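Tertiary structure, described
Single-letter residue listing:
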Amino acid sequence: MPTRSVKSPSVDSEVTTMTTPEKAPSRTVRPTAGLGSAATSVSAPGEPVMDLSDVSVFYGDFEAVRGVSLPIRHNQITAMIGPSGCGKSTVLRSLNRMNDLVAGARVSGSITYHGQDIYAPNVDPIQVRRHIGMVFQKANPFPKSIYDNVAYGPRLNGVKRRAELDDIVEEALTGAALWDEVKDKMKTSGLALSGGQQQRLCIARAIAVKPEVILMDEPCSALDPIATSKVEELMFRLAEDYTIVIVTHNMQQAARVSHYTAFFTAEVDDAGVRHGRLVEFDDTEKIFTNPAEQRTEDYITGRFG
Amino acid sequence: MEFPLTQLDRAPASDVTTPGRGRTLDRVFGGASYGAGLLVLGVLALILLSTTWEALPAFQHSGFDFIFGQRWAPNNPDLPLFGTLTFLYGTAVSSLLALLIAVPVSIGIALFLTELAPRWLRVPAVTVIDLLAAVPSVVFGLVGILVIAPAALPLYQWIHDLVVNVPVLGSVFGPAVNGNTFATAGVILAVMVIPIITSISREVFDTVPVADKQAAYALGATRWEMIKGAVFPHSFAGLVGAAMLGLGRAMGETIAVTLVIGGSTQIAANLFASGNSMAAVIAQQWGEASGLHTSALIGIGVVLFAMTVLVNYSARVIVRRAEIRMKGATA
């Protein structure tokens, strides 16, 4: 992996920004304004940006996932694979507090971002999501122009100057490998694009706010193979600047794009209740060639799931 | 592997050309619903034709003055005058005012119910709002004339005193003599159309894809930013539709307006002046009218009908344009 890093101010300022939601101007402190400013990253590639420790996610009384511990490493792609109902998407959504939007959802254990517990009472989930972005299974551009789709996030961050927005939009679309295809139709509706283009537009929209981590929830499952390979290429390039966590049903995809793989499965406990469990987390190469667990091997060789 | 089906079980190939059992029923049902559709068009055409026919003598008598004339003197012995512009004005002012008040309130209620209200509060709140739609309009009118009008008069006077020296506002919020005014009519109409606009807006907001809301939240949007960025763009067409239905209702509302609008024939920029509306005039004068006068009252109805159609059509054009702009040429 290349080790170029053009991210983020210091860890300290990031965590401060997050934990002081009452200070409204802190929003504009985000490095959005500093696109292109060559602040050096404090995390070396491979160092954990996020850390999950004994994480369980509940919906009401139902414990959907039990006891997950794994690191999310800086500027690496971490894949979460496993059969349906194993809780991998649930874990993904707990990483930027999207689960907060589900009534009755609750997380136990700790999920830290640069050492800060993102579920601590003084943390503002809105700030968390500005640092940890998300791309969804189904491309979901807003019914607005391509330009306005990408500019949406920066505008939330208080960027108003047209020239500055223009730069951010171009950089984000270039980063999402979409600029050349759409530069002449910025005013066209995002919904007029093809499925693969829409998904790359959503990626552009996510990176326009310069998050540090991008969560991807089966981003290619609705795309054809050509569009899929474009998005996969894009993920490689994005990993130079971003930390990526991807949930995928496609094992080949996990093997192709990721550096680390977490294999989840569903287990039935003594009370007869199904929970998602993390079976194994390791280098992708190890998981796919020489997994430690028999269940992992069964799954990736197609004997189960 | 051979599928275990004998020749006896299998229908003969010739079967495909013989009619099946459901076919007659299908035709009956198809014909019935086709007929129902045509019936609506037929009734509409019949209403339009018969009323226009009845109104024709008045139209011929007044010509374009029927719409552009300001003098309404049906009992003028030499030459009765049927200029309805004042009533057109009254209808337009009172219903637009109603819309101006009702749309923001309704959208607010609908947003509260779909995005903010705790689950336990939603059902009772919706029930209460729907109940509001079931209150007979004469009750609204009586509340308006007995409660609102007297109570509002000091308020009108206070507002007038406040802005009396401001150029435009001074005449829009002019002197108030009594509480039966355009403003009172607008307020009453607003209360009457809030339930319908709310209930449609609520349904429109419910159709906003969860994916869009999540996309906004995932970009770090607050709830209001999410509503602005994801809910409103998706709902624009539906909200225009809801407002137009409300406007249609307000324009056609008769008895409540009759009671509170004051019944004077004048075009005044002053919202605190009395006026009259098209529907109210018909209700007030129908009993004592005869001959050409009756014909003219029916003519007012025809014009009102035409106005509602026009408003609805323009709304459709607006909605269509907005949809094309937002969803792209492919949609």
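Rules of the game
- Residues numbered from 1 in each chain as written.
- Chains lettered and ligands numbered in written order.
- Predicted model: local features only at pLDDT ≥ 70, side-chain atom pairs only at ≥ 80, totals over all residues.
- Heavy atoms only, no water.
- UniProt positions renumbered as here; feature names shortened; annotations may be inferred.
- Helix = DSSP H or I, 4+ residues; strand = E, 2+ residues; numbered from the N terminus.
- Disulfide = S-S within 2.5 Å.
- Buried < 20%, exposed > 50% of the residue type's maximum accessible area, 1.4 Å probe, protein only.
- Phe/Tyr/Trp six-rings, centres within 6.5 Å; stacked < 30°, edge-to-face > 60°.
- Lys NZ or Arg CZ within 6 Å of the ring centre and 35° of its normal.
- Salt bridge = Lys/Arg side-chain N within 4 Å of Asp/Glu carboxyl O.
- pLDDT = per-residue confidence, 0-100.
- Contact = heavy atoms within 4.5 Å.
- Buried area = accessible area lost by both parts, 1.4 Å probe.
- Polar contact = N/O pair within 3.5 Å; in protein donor to acceptor, adjacent residues only side chain to side chain.
- Nonpolar A, V, L, I, M, F, W, Y, C, P; charged D, E, K, R; others polar.
- Expected span 1.5 Å × (residues − 1).
- Arc of directions from axis to C-beta.

Going by what an unreviewed UniProt entry lists, chain B is known as Phosphate transport system permease protein and is assigned to Stackebrandtia albiflava. Recorded in UniProt under Sequence similarities (unreviewed entry), the annotation for chain B is "Belongs to the binding-protein-dependent transport system permease family. CysTW subfamily." Under Subcellular location (unreviewed entry), UniProt gives the following word-for-word description of chain B: "Cell membrane".

Per an unreviewed UniProt entry, chain A goes by the name Phosphate transport system ATP-binding protein and belongs to Stackebrandtia albiflava.

Another point: the UniProt feature "domain: ABC transmembrane type-1" (unreviewed entry) in chain B. According to UniProt, the feature "domain: ABC transmembrane type-1" (unreviewed entry) maps to residues 88–315 of chain B in the numbering used here. Its end C-alpha atoms 19 Å apart, residues 88–315 of chain B is made of 79% helix and 0% strand.

Below, the discussion takes up the state of the cysteines. Residues and elements named next belong to chain A. Taken as a whole and assessed by the stated rule, the structure comprises zero disulfides over all chains. With no disulfide of its own, C202 has C220 as its nearest cysteine by sulfur position, at a separation of 12 Å. Given a relative accessible area of 7%, C220 falls into the buried group.

What follows deals with the UniProt feature "domain: ABC transporter" (unreviewed entry) in chain A. As recorded in UniProt, the feature "domain: ABC transporter" (unreviewed entry) lies at residues 50–300 of chain A. From the first C-alpha to the last, residues 50–300 of chain A spans 26 Å; its make-up is 36% helix and 28% strand.

Attention shifts here to the packing of aromatic side chains. All chains considered together, the criterion is met by 11 aromatic pairs over all chains. Seen in terms of ring centroids, F263(A) and Y299(A) are 4.9 Å apart; in terms of plane orientation they differ by 35°. Their pairing is tilted. Taken together, the residues span a long stretch of sequence, with F263(A) in strand β9 (residues 260–268) and Y299(A) in helix α12 (residues 294–300) at a distance of 36 residues. Side by side, F263(A) and Y299(A) carry an identical accessibility label, which is buried. Ring geometry for Y89(B) versus F182(B): centroids 5.8 Å apart, planes at 85°, classification edge-to-face. Of this pair, Y89(B) sits in helix α3 (residues 85–116) while F182(B) sits in helix α7 (residues 182–206), and the two are 93 residues apart along the sequence. Overall, the relative accessible area of 24% leaves Y89(B) in the partly exposed class. Here the aromatic residues W72(B), F82(B) and F87(B) are joined through ring pairs into a cluster of three or more. Taking the ring centre of F58(A) as reference, the NZ or CZ of R106(A) above it sits at 4.3 Å. Residue placement shows R162(A) over the ring face of Y147(A); its charged tip is 4.4 Å from the ring centre.

Residues and elements named next belong to chain A. Summed over the entire model, instances satisfying the criterion amount to 16 salt bridges over all chains. R162 is paired through a salt bridge with D166; the nearest N and O atoms lie 3.5 Å apart. Here R162 pairs with D166, and both are found in helix α6 (residues 162–175), just four residues apart, close to one helical turn. In this structure, K183 engages D180 in a salt bridge whose closest nitrogen and oxygen atoms are separated by 3.8 Å. We classify K183 as partly exposed; its relative accessible area is 39%. Each of E63, R66 and D269 takes part in a single network of salt bridges with overlapping partners.

With that settled, the discussion passes to the confidence of the model for chain A. The pLDDT averaged across chain A works out to 82; a share of 85% of its residues lies at or above 70. Here helix α2 (residues 26–29) of chain A is the element of chain A with the lowest mean pLDDT, 35, and strand β8 (residues 243–247) of chain A is the one with the highest, 94.

Counting from both sides, the interface comprises 22 residues of chain B and, opposite them, 24 residues of chain A. In this assembly, chain B packs against chain A so that about 1,900 Å² is buried in total across both faces, 63% of it on carbon and sulfur atoms. The largest contributions to the chain B side of the interface with chain A come from Q214(B), A218(B) and L219(B), which together make up 31% of the buried area. In this structure, the connection of chain B to chain A is made through one salt bridge. Of the charged contacts in the structure, one is a salt bridge between E225(B) and R130(A), with a shortest N-O distance of 3.3 Å. Taken together, the connections running from chain B to chain A amount to four residue pairs in polar contact (both at pLDDT 80 or more). Examining the composition of the side of chain B that touches chain A, we find that seven residues originate from one element, helix α8 (residues 210–218) of chain B, more than from any other. In terms of residue class, the side of chain B that touches chain A is built from 11 nonpolar, seven polar and four charged.

Attention now goes to α6(A). All names here are of chain A. Here α6 contains 14 residues, and its C-alpha end-to-end distance of 20 Å stays within 8% of the 20 Å for a straight helix at 1.5 Å per residue. Those residues of α6 lying buried are L165, I168, V169, A172 and L173. Taken down its axis, α6 places every buried residue within 125° of arc, on the same side. The secondary structure elements touched by the buried residues of α6 are α5 (146–156), α7 (179–182) and α8 (195–207). Just downstream of α6, A177 is the residue with a positive phi angle, here 55°.

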